[in-house]
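# A look at the structure
Here's the letter readout for the chains.
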Amino acid sequence: MIKIDIKDLKSQLQDSKKIIVIPHKNPDGDAIGSSIAINELLKSLGHKSLIISPNNFPDFLKWMDDDYEIKIYEEDEEVFSNEILNSDIIFTLDFNSLSRIGKMGEYVKKSKALKVMIDHHQSPENYAKYTYSDVNMSSTCEMVYHLISELSLGDKINSKIASALYTGIMTDTGSFKFPLTTDLTHKVVSDLIKKGANGSEINNLVYDNNSCDKLLLLSHTLSNMVVDMEHKTAYMYLTQHSLNKYNFKKGDTEGFVNYGLSIKGVKFAAIFIENEAEKIIKISLRSKGDFNVNEFSRNNFNGGGHINAAGGYSSENLEATLLKFKNLLPNYKNKLNQ
Ligand code: 5GP
Ligand code: MN
């Protein structure tokens, strides 16, 4: 764990600053939740703060951004690059490598702003003056809560901040079931509920907000799933053609990979999604127990993440990528059968 010098950070926040808050590309509930919470907190302290997301975020998270404060970098690269270059402080949330924000990374690197990283993934890069990194944390949102407490700013947590943090913790813990959901996580959640987060309502907003097309896409994906019990592995794939057929929208495939892992005896699940525009196959990997998908992704698919949840990509076509994956499994047979 690497911790921020709180006194030092507090002194940086004494007078009004121009601050940029950045979640990772294809932001999830944790990235958006932590960004909104930090942005609200900074504004309440009198700073000029702006969230710039590398690209758009899923519809099921839009309710959190009720004031339309999240700007999308892709929509005006020149203007937002200048905002980054001319800022005093940059918060980077829920990622630890500048490659996770695409082109924006170059400007963050170039900017003279003081950088703050808050993140719970493995192997943080060294680009920030203040790095708060803890791989044992359930979520970046839980870390933001602890940071706010350490800054003695707990009284600034209003219902908007509480709801945003609750959402990130809920989504990153798979609704409070993944192994990093600790008693401390529940204490944090308890306080967030006291401060105005409505767990039941947030659950409805995030999970019961599906389109029919999304469910049809899920049905299609499951019908093509391959289950390889010799390697305790289940994997699925989606072609660009299928995505188009079911009117794919950002976020629609989130959680699909977990269905593979829900099969009795399966320890390793993967989904391969064709992205014609970016000419890549985006890969999501999940595991149970000791099988380390962060390592698997780093070694084979240009990615990373956590022990039990990681992602990566392949620049080969879908067929070649699936074949590569299938051929890799025998190398991991012992680990998968431990
Ligand atoms: P997901 O499969 O939900 O996209 O991501 C699972 C986890 O892996 C997340 O914690 C995410 O930050 C990480 N991850 C996803 N894609 C990549 C990638 O391309 N590179 C790295 N380093 N991490 C990734
Ligand atoms: Mn996260």
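Before reading further, recall that the structure is shown in the block above.
Residues numbered from 1 in each chain as written. Chains lettered and ligands numbered in written order. Predicted model: local features only at pLDDT ≥ 70, side-chain atom pairs only at ≥ 80, totals over all residues. Heavy atoms only, no water.

## A short note on the site of ligand 1
Neighbouring residues of ligand 1: 13 residues in total, closest Arg100, His121, Lys282, Ser284 and Arg286. A distance of 2.6 Å separates an oxygen atom of ligand 1 from a polar side-chain atom of Ser284. The contact in question runs from an oxygen atom of ligand 1 to an N or O atom on the side chain of Arg286, over 2.8 Å. Protein chains shield 75% of the accessible area of ligand 1, which is 490 Å² for the free molecule. Mapped by element, the contributors of at least two residues to the shell around ligand 1 are strand 10 (280-287), strand 11 (304-305) and strand 12 (309-314). Sorting elements by how many residues they give to the shell around ligand 1 places strand 12 first, with 4 residues. (Near = heavy atom within 4 Å. Polar contact = N/O pair within 3.5 Å; in protein donor to acceptor, adjacent residues only side chain to side chain. Areas by Shrake-Rupley, 256 points an atom, 1.4 Å probe, with all protein chains shown as cover. Helix = DSSP H or I, 4+ residues; strand = E, 2+ residues; numbered from the N terminus.)

## Description of the packing of aromatic side chains
Any aromatic ring pair is given by two values, namely how distant the centres are and how the planes are angled relative to each other. Scanning the model with the defined rule gives 13 aromatic pairs in all. Note on Phe272 and Phe301: the rings are 6.4 Å apart at their centroids and 75° apart in plane angle, and the pair reads as edge-to-face. Of this pair, Phe272 sits in strand 9 (residues 268-275) while Phe301 sits in the loop between helix 12 (293-300) and strand 11, placing them 29 residues apart in sequence. The burial state of Phe272 is the same as that of Phe301; both residues are buried. On the numbers, 6.2 Å between centres and 55° between planes, the contact of Phe291 with Phe296 is tilted. When sorted by exposure, Phe291 lands in the same class as Phe296, which is buried. Joined through ring pairs, the aromatic side chains of Tyr235, Phe268, Phe272, Phe291, Phe296, Phe301, Phe325 and Tyr332 make up one cluster. The ring of Phe301 carries the charged tip of Lys324 above its face, separated from the ring centre by 4.7 Å. (Phe/Tyr/Trp six-rings, centres within 6.5 Å; stacked < 30°, edge-to-face > 60°. Buried < 20%, exposed > 50% of the residue type's maximum accessible area, 1.4 Å probe, protein only. Lys NZ or Arg CZ within 6 Å of the ring centre and 35° of its normal.)

## Observations regarding the sheet that holds strand 10
Here 6 strands make up an open sheet; going across it, the order is 7-8-9-10-12-11 and the pairing mixed. Pairing within the sheet leaves two strands with one partner each, and these edge strands are strand 7 (226-228) and strand 11. Where strand 9 and strand 10 come together, 8 bridges link them in antiparallel fashion. Among the inter-strand pairings, Ala269 is bridged to a residue of strand 10, identified as Arg286. Relative to the sheet, helix 9 (residues 212-223) contacts strand 8 (233-238) and strand 9, its axis offset from that of strand 8 by approximately 130°. (Pairing = 2+ DSSP bridges. Contact = heavy atoms within 4.5 Å. Axes fitted to C-alpha atoms, helices over the stretch in contact; angles between N-to-C directions.)

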